[in-house]
Amino acid sequence: MLEAPASNLYSAPSSCRDRCHEAFDRHQPCHCNARCPEFGNCCKDFEILCGHEGFSYSRDAITKEELQSVSEKIYRADINKAKKEDIILNSQNRISPSETRDHVDRCPEPLFTYVNEKLFSKPTYAAFISLLNNYQRATGRGEHFSAQQLAEQDAFLREVMKTAVLKELYGFLRHQNRYSSEQEFVNDLKNMWFGLYSRGNEEEDSSGFEHVFSGEIKKGKVTGFHNWIRFYMQEKEGLVDYYSHVYDGPWDSYPDVLAMQFNWDGYYKEVGSAFIGSSPEFEFALYSLCFIARPGKVCQLSLGGYPLAIQTYPWDKSTYGNGKKYIATAYVVSSTQ
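Please read these numbers as outputs of a predicted model, since none were measured by experiment.

(A) Structural view of helix H5 (residues 123-131). If you check which residues of H5 are buried, you get Thr-124, Tyr-125, Ala-127, Phe-128, Ile-129 and Leu-131. Buried residues along H5 sit in contact with helix H6 (147-161), helix H8 (182-194), helix H9 (208-214), helix H10 (228-236) and helix H11 (280-293).

So, in structure tokens, the structure goes:
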């Protein structure tokens, strides 16, 4: 049987054709209502077909200039970041993007020569580090949190919400009509980052936090793993072998950005970008900002006068709340990616 051309159909489920302003229907694969940009679940042609129809979203859309302004404020607010003397980095060999698939260790020394571990006793660092051993890195194996591990998630959120960094982010998003209360914001952060979904089989085996900050192994490759603290701790234990880098950011103080190649206990990461020397709340805030403002798109920010881009992707196969999407991944886009 021949399929009818899309133009003859009343409405294609993956399109906003004839669907602008329709009520939310959880059975639809994507949506065309006024709040779909906020939830990151619009159909791909939403802006073309519905964006000019006077949605409240158009008034509340976050501009590139606003993103650059608030990211600079977040950058200045990060008083818990590493000072220059707190980290001695040995980046060694820089390679070309064409060489990232070679799996060659071009750096005989570790990436981190020295880290002042007094940083890790700061409340947000300590709460962050306590979360890193709560996950199985192999996808396909279900994650099951104990009461203690769930309490550690709440403790991390409590600590970061005390910081000027998260206060800056929340104030900005509330002003943008994205949240009406701090509790609504915290609940959403907990769901988007810690809510479980399935990357492999039917087991709930992954979350945004695990993927981005702790790292996973899928189909014989390292996925995610975009955090310097995790990298340092695994390198110190002899589980990470630093191979090379393809990008080193322009910042002469921390946080900086490095895009690197490494082996994680037998598995290779072709290009893994990470902030270096940033506080946990700083990364958490910028990735959250970009996921909320530019889900599935490149998010253009500014840090210390230098441009920086972050790419996020929503998890499309399951939702929470009223059709909201979990974070699938978030990372800094280096000039080589």
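Now that the structure has been shown, the text picks up again.
(B) Fine view of the pairing of strand S10 (residues 324-333). Of all the 10 residues making up S10, eight are buried; the element is thus mostly covered by neighbouring parts of the structure. Where strand S9 (residues 306-320) and S10 come together, eight bridges link them in antiparallel fashion. What sits directly across from Thr-319, in S10, is Lys-325. Turn length for the S9-S10 hairpin, with the two strands adjacent in sequence and antiparallel, is three residues, and the turn residue Gly-321 shows positive phi of about 60°.

(C) Main features of the pairing of strand S6 (residues 256-264). The buried fraction of S6 amounts to nine of the nine residues, a majority that puts the element mostly inside the structure. Both S6 and strand S7 (residues 267-276) contribute to a ladder of eight bridges, which runs antiparallel. Each bridged residue has a counterpart across the sheet, and for Ala-259 the counterpart in S7 is Ser-273. Between S6 and S7, which follow one another and run antiparallel, lie two residues, and Asp-265 among them has a positive phi close to 50°.

(D) Expanded view of the side chain of Glu-72. The residue Glu-72 is located in helix H4 (residues 64-77) in this model. Arg-76 is the oppositely charged side chain nearest to the buried, salt-bridge-free Glu-72, at an N-O distance of 4.3 Å. Only 2.8 Å separates the side chain of Glu-72 from the backbone nitrogen of Gly-305, close enough to count as a polar contact. When sequence neighbours within four positions are dropped, the list of residues in contact with Glu-72 reads Ser-302, Leu-303, Gly-304 and Gly-305.

(E) Examining the pattern of salt bridges more closely. If you walk through the whole model with that rule in mind, you get eight salt bridges. Here Arg-106 makes a salt bridge to Asp-102, at a shortest N to O gap of 3.3 Å. With a relative accessible area of 21%, Arg-106 lands in the partly exposed category. Of the residues examined, Asp-102 reaches a relative accessible area of 39% and is grouped as partly exposed. Across the pair Asp-154 and Lys-190 runs a salt bridge whose closest N-O atoms are separated by 2.8 Å. Here Asp-154, found in helix H6, pairs with Lys-190, found in helix H8; they are 36 residues apart in sequence, far enough to count as distant. Shared partners join several salt bridges into a network, and the residues in it are Glu-99, Asp-102 and Arg-106.

(F) Here's a closer look at the state of the cysteines. Applying the stated criterion across every chain yields a total of three disulfides. The disulfide bridge from Cys-30 ends at Cys-43, spanning 2.0 Å between sulfur atoms. Because the sign of the S-S torsion sets the handedness, a value of about 85° for the bond joining Cys-30 and Cys-43 places this disulfide among the right-handed ones. Residue Cys-30 is found in the segment before helix H1 (36-39), and its partner Cys-43 is found in the loop between H1 and helix H2 (46-50); the two are separated by 13 residues along the sequence. On the basis of relative accessible area, Cys-30 is assigned to the buried category, the value being 7%. For Cys-43, a relative accessible area of 4% corresponds to the buried category. Here Cys-290 pairs with Cys-299 through a disulfide, and the sulfurs are 2.2 Å apart. Residues Cys-290 and Cys-299 are joined by a disulfide whose S-S torsion is about -70°; by sign, that bridge is left-handed. For the residue pair Cys-290 and Cys-299, the accessibility class agrees, reading buried in each case.

(G) Up close: the nonpolar core. In terms of nonpolar packing, the biggest core is built from 86 residues, with Phe-185, Trp-193, Trp-228 and Phe-275 touching the most fellow members. Apart from the residues within four sequence positions on either side, Phe-275 is in contact with Trp-228, Pro-255, Asp-256, Val-257, Phe-282, Glu-283, Leu-286, Tyr-287, Leu-303, Leu-308, Ile-310 and Val-332.

(H) Here's a closer look at the sheet that holds strand S5 (residues 240-248). One open sheet accounts for three strands, arranged S5-S6-S7; its pairing is antiparallel. Edge positions in the sheet fall to S5 and S7, since each of these pairs with one other strand and no more. The average undirected angle you get between the axes of adjacent strands in this sheet is 30°. Here S5 runs beside S6; their pairing, made up of seven bridges, is antiparallel. Across the sheet, the residue bridging to Val-240 is Trp-264, located in S6. On top of the sheet, H10 reaches S5, S6 and S7; it is set at about 145° to S5, its chief contact.

Scoring rules and cut-offs
Residues numbered from 1 in each chain as written. Predicted model: local features only at pLDDT ≥ 70, side-chain atom pairs only at ≥ 80, totals over all residues. Heavy atoms only, no water. Buried < 20%, exposed > 50% of the residue type's maximum accessible area, 1.4 Å probe, protein only. Helix = DSSP H or I, 4+ residues; strand = E, 2+ residues; numbered from the N terminus. Contact = heavy atoms within 4.5 Å. Pairing = 2+ DSSP bridges. Lys, Arg positive; Asp, Glu negative; His and termini not counted. Salt bridge = Lys/Arg side-chain N within 4 Å of Asp/Glu carboxyl O. Polar contact = N/O pair within 3.5 Å; in protein donor to acceptor, adjacent residues only side chain to side chain. Disulfide = S-S within 2.5 Å. Core = buried A, V, L, I, M, F, W, Y, C linked by side-chain atoms within 4.5 Å. Axes fitted to C-alpha atoms, helices over the stretch in contact; angles between N-to-C directions.

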